[in-house]
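Descriptive analysis of the structure
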Amino acid sequence: MGRLRDPDGGFGRILTNMTFRARIAALVCVLACMPVHADQKRWWSHVEALANDGMAGRNTGSPEHQKAAAYVAAAFQRAGLQPAGIDGYIQPVKFKTRKIVEAQSSLALERDGKTEPLTLGDDANFSMRIDPAPSVSAPLVFVGYGLNIPEQHLNEFEGLNLRGAVVVYINATPASLTGPLQAHFGSAGERWRMYKAAGAIGTISISNPRTTDIPWARSTLARLQPSMSLADPALDDAAGQQFSVTMNPARADKLLQGTGHTIAELLALVDAGKALPHFAIPTRVKATVKVDRGDLVSQNVAGILRGGDARRRNEYLIVSAHLDHLGVGEPINGDRIYNGAMDNASGIAAMLEVAAELHERNAAPARSMLFVAVTGEEKGELGSKYFAAHPTVPADRIMANVNIDMFLPLFPLKTLMVLGLDESDLGTDIRAVAAQLGLAVQADPEPQRNRFARSDQYSFVKNGVPALAMKVGYEADTPEAEIARKWTAERYHAPSDDLQQPIDLDAADKYVDVLRELALRIGNRTDRPKWNDASFFKRFATPGASNSRQ
Ligand SMILES: [Zn+2]
């Protein structure tokens, strides 16, 4: 849905957006308990303000994103936050943009003196997240999951010559690794670090259709949208990468011809959690790429709730959420506005609600809270990466991060899914808050989806800051798990993540309670949060690391 319509919804619109049960509950509230649930209404009003069609999907760098940033800044001001940007609440972030000119680009496979052209959009797509070379001709090597992690005694490059090659890998991580290791080493930045060290010049990734969040048919629609990277070259994880292609898994046998392997066989091994074979492919890839390049500026928005303790008020808990979404793109069911209501107007709304509630209760904690709405998340967590590298408070005073991204209040909140639960002693804080609010707690039930590394908390984690991110949780094989699965398959990064979807307002309300209580608890701790000794991420906190960079 989400065709152009009156952006001003009102409470009647809220009612039509809800399930029958929630509608009855809301009507009862309108009649009987409005004061109690005024918070709920205000949360939804923020979602409406940010995700209506007039906001055009808040694409990074767009005028609508700027409008959304002004909306957040105004809400920060109402909540009594001190401006903590460069220009008032705003921290400008510079980007480079790249858009493929498909008509002047080509991709082909060469084997036995014959050339097989690939069809862009159907067989494979160039990724513009990297800055591609105008032409590439290189041998292909299949490297399985594509990981070389000495400390885990895992080396899938062994015996292969990757010098000057394009590595072909299945974009999955072996179940033999713990969740955090899967999250970290499965990220594009870490992967490129390994491939570059082995002398490779580029990548072809094949996703596993069984576990991928976005099916090929939908992801390919986004290929003509501009991609972005931070203008600061020091913050470019893909430096040196000349070629990046994503292969349609349904066409991946084109790559594997002559190897004796099929994609079905390889994906079956992945699904069974088994090791993958590695082999040179008797084929070269040949590409020419034409790119339209540009520059733009987008906005982070930052505000401080000053803490009350004379000493600790110079330490900061960062509460973050991304403001950007995908903008206007290829239509699905006639709708081209990617509103991003859950992804992530919902998270910004929760952050604004926490700031407002703390203000109304006059409840400043001992430490300061730095609320940051970041841009460029959908382009690769870029706004948070910029903020973590150029914080507007001293970097060594940032002591924790709580990030909110697409927490999905689609059904009652009974269990909190906590990403990073067992990595730092923030786990103790969230368990205490959950117990106080009568909620169960679970770690990420699907670590292979790399969620801890796939949102803005990871920008802070990599700078040594302990972090948590929470979602409305569910147990496997329950109706709730099916609702979440269906949402991801149908609405995630689709125009139907709009204001016309069933939302559980009670769940959102309870989530805001969790967030507020957690922020207060962390803000009032006597000691700084610490990584657990056994945590993989503790390594980023070593003295002299980027944690102290400013
Ligand atoms: Zn997203």
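The shown structure was predicted, so the numbers you read here are calculated from the model rather than taken from an experiment. (Residues numbered from 1 in each chain as written. Predicted model: local features only at pLDDT ≥ 70, side-chain atom pairs only at ≥ 80, totals over all residues. Heavy atoms only, no water.)

It is worth spelling out the overall build of the chain at this point. The secondary structure content of the chain amounts to 15 helices and 22 strands. Expected size for 550 residues packed as a compact globule is a radius of gyration near 24 Å; at 23 Å, the chain falls within 12% of this value. Across its three principal axes, the chain shows a C-alpha extent of roughly 75 × 55 × 45 Å. Expressed as a percentage of its 550 residues, the buried residues of the chain come to 58%. Long-range pairs, those at least 24 residues apart, make up 83% of the contacts in the chain between residues at least 6 apart in sequence. (Helix = DSSP H or I, 4+ residues; strand = E, 2+ residues; numbered from the N terminus. Rg over C-alpha atoms; globule rule 2.2 N^0.38 Å. Buried < 20%, exposed > 50% of the residue type's maximum accessible area, 1.4 Å probe, protein only. Contact = heavy atoms within 4.5 Å.)

Okay, the pattern of salt bridges next. In total, this model carries 32 salt bridges according to the counting rule given. For Arg516, the salt bridge identified is with Glu357, shortest N-O distance 2.4 Å. Pair noted here: Arg516 is in helix α15 (residues 505-523) and Glu357 is in helix α10 (residues 341-360), with a separation of 159 residues, a long-range link. The class of Arg516 is buried, set by a relative accessible area of 6%. On the basis of relative accessibility, which here comes to 1%, the residue Glu357 falls in the buried class. Measuring nitrogen to oxygen at the nearest pair gives 3.3 Å for the salt bridge that ties Asp527 to Arg525. Residues joined by salt bridges that share partners form a network here, namely Asp425, Asp429, Arg521, Arg525, Asp527 and Lys530. (Salt bridge = Lys/Arg side-chain N within 4 Å of Asp/Glu carboxyl O.)

Low pLDDT means the predicted atomic positions in that stretch should not be read closely. Scored by pLDDT, the chain comes out at a mean of 91, with 92% of its residues at no less than 70. Every residue in residues 1-20 scores below 50 in pLDDT, and together they form 45 contacts with partners more than four places removed in sequence or on other chains. (pLDDT = per-residue confidence, 0-100.)

Any two of four tetrahedral donors ideally make an angle of 109.5 degrees at the metal, while pairs among six octahedral donors ideally make 90 or 180 degrees. Protein-derived ligands of the zinc ion are Asp343 (OD), Glu378 (OE), Glu378 (OE) and His493 (NE2), with the metal-ligand distances lying across 2.0 to 2.4 Å. One way to put it: the four donor atoms around the zinc ion meet at angles of 57 to 143 degrees, and that makes the site irregular. Of note, the donors binding the zinc ion are all from one chain and are spaced D-x34-E-x114-H. Placement of Asp343 in helix α10 and of His493 in the loop between α14 (479-490) and α15 is noted, with a sequence separation of 150 residues between them. Like His493, Asp343 is buried. (Donors = N, O, S within 2.8 Å, 3.2 Å for Na, K, Ca; no water. Tetrahedral: all angles 85-135°; square planar, octahedral: opposite > 155°, others 65-115°.)

This next bit is on the pairing of strand β21 (residues 440-443). In this sheet, β21 lies alongside strand β20 (residues 415-419) in parallel orientation, the contact comprising four bridges. Across the sheet, residue Met417 finds its bridge partner in β21, namely Gln442. Taking the sense of rotation as the criterion, the β-α-β connection linking β20, helix α12 (residues 426-436) and β21 turns out right-handed. (Pairing = 2+ DSSP bridges. Right-handed = clockwise from strand over helix to strand, strands pointing away.)

Moving on, we get to the packing of aromatic side chains. The tally for this structure, following the rule as stated, stands at 18 aromatic pairs. With a centroid separation of 5.8 Å and 50 degrees between ring planes, the pair formed by Phe157 and Tyr195 is classed as tilted. With Phe157 in the loop between β8 (154-155) and β9 (166-170) and Tyr195 in helix α6 (residues 188-197), this residue pair connects regions lying 38 residues apart in the sequence. With respect to burial, Phe157 and Tyr195 carry one shared label: buried. Ring centres of Phe536 and Phe540 lie 6.3 Å apart, and the angle between their planes is 85 degrees; this geometry places the pair in the edge-to-face category. Given a relative accessible area of 10%, Phe536 falls into the buried group. On the basis of relative accessible area, Phe540 is assigned to the buried category, the value being 15%. (Phe/Tyr/Trp six-rings, centres within 6.5 Å; stacked < 30°, edge-to-face > 60°.)

Further remarks concern the packing of α12 against α15. Interaxial distance between α12 and α15 falls to 9 Å at its minimum, and their mutual angle equals 135 degrees. On the basis of their axis angle, the class for α12 and α15 is oblique. Two packed elements cross with a definite hand, and for α12 against α15 that hand is right-handed. Contacts between α12 and α15 involve Leu426, Thr428, Asp429, Ile430, Ala432, Val433 and Gln436 from the first element and Val514, Glu517, Leu518, Arg521 and Ile522 from the second. (Axes fitted to C-alpha atoms, helices over the stretch in contact; angles between N-to-C directions. Parallel < 35°, antiparallel > 145°, perpendicular 65-115°, else oblique. Left-handed = near helix turned anticlockwise from the far one by under 90°.)

For the rest of this paragraph, the subject is the packing of α10 against α15. Orientation of α10 relative to α15, taken along the N-to-C sense of each, is 60 degrees, at an axis distance of 9 Å. In terms of axis orientation, α10 runs oblique to α15. For the pair α10 and α15, the sense of crossing is right-handed. In contact with Ala350, Glu353, Val354, Glu357 and Leu358 of α10, α15 contributes Tyr511, Val512, Asp513, Leu515, Arg516 and Leu520. When its residues are assigned to classes, the contact of α10 with α15 shows seven nonpolar, no polar and four charged. (Nonpolar A, V, L, I, M, F, W, Y, C, P; charged D, E, K, R; others polar.)

Bringing the nonpolar core into the picture now. Counting 143 residues, the largest nonpolar core has Trp43, Leu107, Phe126, Phe243, Phe371, Leu416 and Met470 as its most contacted members. Setting aside its immediate chain neighbours within four residues, Leu107 contacts Pro117, Leu118, Leu120, Ala124, Phe126, Phe243, Val245, Val285, Lys286 and Ala287. Within the second largest apolar cluster, 14 residues are counted, among which are Ile318, Leu370, Val374 and Val393. (Core = buried A, V, L, I, M, F, W, Y, C linked by side-chain atoms within 4.5 Å.)

Here we come to the environment of Pro139. Tracing the sequence through the fold places Pro139 in strand β6 (residues 135-142). Between the C-alpha atom of Pro139 and that of Asn161, which follows or precedes it by 22 residues, the distance is 9.9 Å.

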